[in-house]
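# Secondary and tertiary structure notes
Each chain, letter by letter, is given below.
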Amino acid sequence: QVQLVESGGGLVQAGDSLRLSCAASGRTFSSFAMGWFRQAPEKEREFVAAISRGAAFTYYADSVKGRFTISRDNAKNTVYLQMNSLKPEDTAVYYCAQGGTAPTMTSGDYDYWGQGTQVTVSS
């Protein structure tokens, strides 16, 4: 049974930084691409970032490019999202997801999801 557990969310001020973590278990972590998505109140879930199995390739939404960095530690079965220069519009529940062998920006390509962690950025 695959489990994804996010942590690291919280309430911060605009301009601050946060690092989200997602610990995975249940299958060979290094065999699967990972992604981060977010969902703000009354909005649809949107893609944030994705990373390939060996971390050679990363992809970002235009809205976070240059501010967020996705990384992974396959030895620790963990994927991270470093978020810098946070803005109020980054406020959302952030979800990590485990996909197939290649990273994509499409939520439907991801098979397993965490429960989410709240990030709130005050102005």
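Everything that follows concerns the structure shown earlier in this document.
Figured I'd write up the structure that's included with this text.

### Some words on the pairing of strand 8 (residues 78-83)
Consecutive side chains of a regular strand alternate in pointing toward one face of the sheet and then the other. Among the six residues in strand 8, five count as buried, and that is most of the element. In the sheet, strand 3 (residues 18-25) pairs with strand 8 via six bridges, with the strands oriented antiparallel. Opposite L20, over in strand 8, you have L81 as the bridge partner. Bridge count between strand 7 (residues 68-73) and strand 8: six bridges; the pairing is antiparallel. Bridging from a neighbouring strand, I70 pairs with L81 of strand 8. From the end of strand 7 to the start of strand 8, which pair antiparallel, there are four residues, and N77 there has a positive phi angle of about 55 degrees.

### Remarks on the pattern of salt bridges
One pass over the structure, following the stated rule, counts five salt bridges. Residue R38 pairs with E46 through a salt bridge whose shortest N-O separation is 2.6 Å. Among the charged side chains, a network of salt bridges with common partners joins R38, E46, R67 and D90.

### Observations regarding the nonpolar core
Residues W36, V79, L81, M83 and Y94 are the most contacted members of the largest nonpolar core, which totals 33 residues. For this core, the element with the highest residue contribution is strand 5 (residues 46-51), accounting for five residues. If we ignore the near neighbours within four places in the chain, the residues touching Y94 are E6, L20, W36, F37, R38, V48, F68, L81, M83, G116, T117 and V119.

### Considering the sheet that holds strand 1 (residues 3-7)
With antiparallel pairing, the four strands of this open sheet are ordered in space as 1-3-8-7. Sheet topology places strand 1 and strand 7 at the edges, where each strand pairs with a single neighbour. Across this sheet, the average inter-strand angle for adjacent strands is 15 degrees, counted without regard to direction. Pairing of strand 1 with strand 3 involves five bridges; the strand directions are antiparallel. Counterpart to V5 in the pairing with strand 3 is A23.

### A look at unusual backbone geometry
Here the phi dihedral of E42 falls at roughly 65 degrees; this positive angle occurs in a residue that is not glycine. Note on placement: E42 falls in the loop between strand 4 (34-39) and strand 5. Judged by its relative accessible area of 85%, E42 falls in the exposed class. Located in the positive-phi region is N77, a residue other than glycine, with phi close to 55 degrees. Along the polypeptide, N77 turns up in the loop between strand 7 and strand 8.

### Some words on the environment of R72
Examined against the element boundaries, R72 turns out to sit in strand 7. Distance in space between the C-alpha atoms of R72 and T104 is 16 Å, their sequence separation being 32 residues. In contact with R72, other than residues within four places in its own chain, are F29, S30, F32, A33, M34, I51, S52, R53, A55, T78, V79 and Y80. Among the polar contacts made by the side chain of R72, one reaches the main-chain carbonyl oxygen of F29 at a distance of 2.9 Å. Looking at R72, its side chain comes within polar contact range of the main-chain oxygen of R53, at 3.4 Å.

Scoring rules and cut-offs
Residues numbered from 1 in each chain as written. Predicted model: local features only at pLDDT ≥ 70, side-chain atom pairs only at ≥ 80, totals over all residues. Heavy atoms only, no water. Buried < 20%, exposed > 50% of the residue type's maximum accessible area, 1.4 Å probe, protein only. Helix = DSSP H or I, 4+ residues; strand = E, 2+ residues; numbered from the N terminus. Pairing = 2+ DSSP bridges. Salt bridge = Lys/Arg side-chain N within 4 Å of Asp/Glu carboxyl O. Core = buried A, V, L, I, M, F, W, Y, C linked by side-chain atoms within 4.5 Å. Contact = heavy atoms within 4.5 Å. Axes fitted to C-alpha atoms, helices over the stretch in contact; angles between N-to-C directions. Polar contact = N/O pair within 3.5 Å; in protein donor to acceptor, adjacent residues only side chain to side chain.

Such coordinate-based values are descriptive only and should not be taken to indicate function.
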